[in-house]
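Each chain, letter by letter, is given below.
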Amino acid sequence: MSIMFSVNYLIFSVFITLFGLEVGIAITLLLEYDKYKDKLKKFLMPLWEVTGTFAIFYIVNLEATVPSLLLLLGTVYVAPILVAAIFFILRNAFLAYSEYMGDKGSEKRYLRIYAIATIAVAFIAISVLDSGISGIAINTSSYSISLLRMFANSFNILMFIGIALLSVFLAAVFFWVKEYRWFPGLAAVLGVISVALAVHGSLLYMFSSAFGLGLPYLIGLLAMLGIALLLYYRDNRYAKYIAILWFFLAINFFGFMQSPYILGGTVNTNNYIATGPIAFYINIVTLIGGAILVVSLAFMVYISYIKKSNNVKG
């Protein structure tokens, strides 16, 4: 993987980790709203803004990193991306409504609409990403796509189920969900199995790579997942930090096993990376933008969680 694409995938990993936590929150709101609404909203209100910012940063950096791929990707995926944008707007609107409008009954309805819209965005976004990875439903010669095949294929369905389960595991550990204590462990195991089955069935070269050169990394990831679950069941507060780190590293592992190929191994992204003087300026802008985002995220965490927690204790 080239340095530029590695940086782009690093940004992507941060975005997916934040969004995965948000998907877990959305599913938890649908299943256990009354018990965890206050705890989840405390994190959700500042989190969704940072998630959206990282999404924009990733897309802009992707455009700069592989500009010659934009014609294909933009043409093929414009329809599902527009649909996802509609649900994204609904998601943001009803989250705002839940905070500033209506009584408790209205708040519950608005948050449930937010949760459903978030899951819809996740399904469409994951379907687009899965299609880009596997090449399923895409005709590169005619720049066309079969939307039905993009959504309804075994690789996409297994990947979505796996990511949804891992998101529930992440949220349950991070927010210390106590009901159904057996479920986070089961969700984590089933999520990993679902992703592994999807990759084995459609991207055998990635599966072979994971058990070849990537085997030490894979063993380390499985060990870290086991540690996160062990600490969770022992009520250790460090479990949530290890779970977040594990999710982030798992996304990076997937990316490195996939790299440098997309569309089922038919396209090598190294052939489309920006080169020459423009690459230098892209790296500089990415470095500055990334630094600003990291500082902003750290400040948000301090103001929203650490300082607020200290004030409550005081």
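The structure under discussion appears in the preceding block.
Residues numbered from 1 in each chain as written. Predicted model: local features only at pLDDT ≥ 70, side-chain atom pairs only at ≥ 80, totals over all residues. Heavy atoms only, no water.

1. Some details on the overall build of the protein chain
- When helices and strands are tallied, the protein chain shows 11 helices and four strands.
- In terms of C-alpha radius of gyration, the protein chain reaches 20 Å, essentially the compact-globule figure of 20 Å for 314 residues.
- Taking the principal axes of its C-alpha atoms as reference, the protein chain extends roughly 60 × 40 × 40 Å.
- Burial status across the protein chain gives 47% buried among its 314 residues.
- Across the protein chain, every contact between residues at least 6 apart in sequence was considered, and the portion connecting residues at least 24 apart equals 80%.
- Accessible surface computed for the protein chain: about 15600 Å², of which carbon and sulfur atoms make up 72%.
- For the protein chain, the distance from the average site of its 19 positive side-chain charges to the average site of its 12 negative ones is 6 Å. (Helix = DSSP H or I, 4+ residues; strand = E, 2+ residues; numbered from the N terminus. Rg over C-alpha atoms; globule rule 2.2 N^0.38 Å. Buried < 20%, exposed > 50% of the residue type's maximum accessible area, 1.4 Å probe, protein only. Contact = heavy atoms within 4.5 Å. Areas by Shrake-Rupley, 256 points an atom, 1.4 Å probe, with all protein chains shown as cover. Lys, Arg positive; Asp, Glu negative; His and termini not counted. Charge placed at Lys NZ, Arg CZ, Asp CG, Glu CD.)

2. What about the pattern of salt bridges?
- Under the counting rule described, the total for this entry stands at seven salt bridges.
- A salt bridge links Glu22 to Arg91, with the shortest nitrogen-to-oxygen separation between them at 2.3 Å. Taken together, the positions of Glu22 in helix H1 (residues 3-31) and Arg91 in helix H3 (residues 70-100) put the pair 69 residues apart, joining distant regions of the chain.
- Given the relative accessible area of 0%, Arg91 is considered buried.
- The salt bridge involving Arg181 is made with Asp235; its shortest N-O contact spans 3.2 Å. In this pair, Arg181 is assigned in the loop between helix H6 (154-174) and helix H7 (183-202) and Asp235 in the loop between helix H9 (215-233) and helix H10 (239-258), connecting sequence segments 54 residues apart.
- Within this structure, Lys37, Asp38, Lys41 and Glu107 form a network of salt bridges that share partners. (Salt bridge = Lys/Arg side-chain N within 4 Å of Asp/Glu carboxyl O.)

3. Section: unusual backbone geometry
- Of the consecutive residues Ser259 and Pro260, the connecting peptide bond is found in the cis state with omega at 0°.
- For Ala137, which is not glycine, the phi torsion reads 80° and is therefore positive.
- Within the secondary structure layout, Ala137 lies in the loop between helix H4 (104-134) and strand E1 (138-139).
- Its relative accessible area of 8% is what places Ala137 among the buried residues.
- Its identity is not glycine, yet Trp176 carries a phi of approximately 55°, on the positive side.

4. Things to note about the packing of aromatic side chains
- Under the criterion given, the structure shown has 20 aromatic pairs.
- Ring geometry for Phe123 against Phe160: centres 5.0 Å apart, planes inclined by 85°, an arrangement best described as edge-to-face. Taken together, the residues Phe123 in helix H4 and Phe160 in helix H6 connect sequence positions 37 residues apart.
- Centroid distance Tyr217 to Phe253: 5.0 Å. Interplanar angle 55°. Geometry classified as tilted. Of this pair, Tyr217 sits in helix H9 while Phe253 is found in helix H10, placing the two residues 36 residues apart along the sequence.
- Judged by its relative accessible area of 31%, Tyr217 is partly exposed. (Phe/Tyr/Trp six-rings, centres within 6.5 Å; stacked < 30°, edge-to-face > 60°.)

5. Some details on H6
- Given a rise of 1.5 Å per residue, 21 residues ought to cover 30 Å, and the 30 Å separating the end C-alpha atoms of H6 matches this to within 8%.
- Burial of H6 is extensive: 16 of the 21 residues sit out of reach of the surface.
- A side-chain oxygen of the first residue of H6 lies 3.2 Å from the backbone nitrogen of Phe155; this N-cap is Asn153.
- Positive phi shows up at Trp176, right after H6, with a value of about 55°. (Expected span 1.5 Å × (residues − 1). Polar contact = N/O pair within 3.5 Å; in protein donor to acceptor, adjacent residues only side chain to side chain.)

6. As for the nonpolar core
- One finds Leu21, Ile25, Leu29, Tyr114, Phe169 and Phe175 to be the most contacted residues of the largest nonpolar core, which totals 96 residues.
- Per element, the largest residue contribution to this core is 15 residues, and it comes from H1.
- Excluding residues that lie within four positions of it along the chain, Ile25 makes contacts with Leu40, Leu44, Leu47, Ala171 and Phe175. (Core = buried A, V, L, I, M, F, W, Y, C linked by side-chain atoms within 4.5 Å.)

7. A word on the side chain of Asn61
- Tracing the backbone shows Asn61 in helix H2 (residues 33-65).
- For Asn61, the side chain forms a polar contact with the side chain of Asn8, separated by 2.8 Å.
- When neighbours within four sequence positions are excluded, Asn61 is seen to be in contact with Asn8, Ile11, Ile282 and Thr286.

8. Brief notes about H10
- Helix length check: H10, at 20 residues, gives a terminal C-alpha distance of 28 Å against a target of 28 Å (1.5 Å per residue), a fit within 8%.
- If you check which residues of H10 are buried, you get Ala239, Ala243, Trp246, Phe247, Ile251, Asn252, Phe253, Phe254, Gly255, Met257 and Gln258.

9. A word on a nonpolar patch on the surface
- On the surface, Tyr180, Trp182, Leu186, Val189, Leu190, Ile193 and Leu197 cluster together to form a nonpolar patch covering roughly 700 Å² of accessible area.
- By the element assignment, Val189 lies in helix H7.
- Residue classification places Val189 among the partly exposed positions, given a relative accessible area of 43%. (Patch = residues over 30% accessible without salt bridge, like charges linked within 9 Å, V, L, I, M, F, W, Y side chains within 5 Å.)

10. Some points on the side chain of Ser167
- As for its placement among the helices and strands, Ser167 is situated in helix H6.
- Apart from the residues within four sequence positions on either side, Ser167 is in contact with Gly20, Val23, Gly24 and Phe247.

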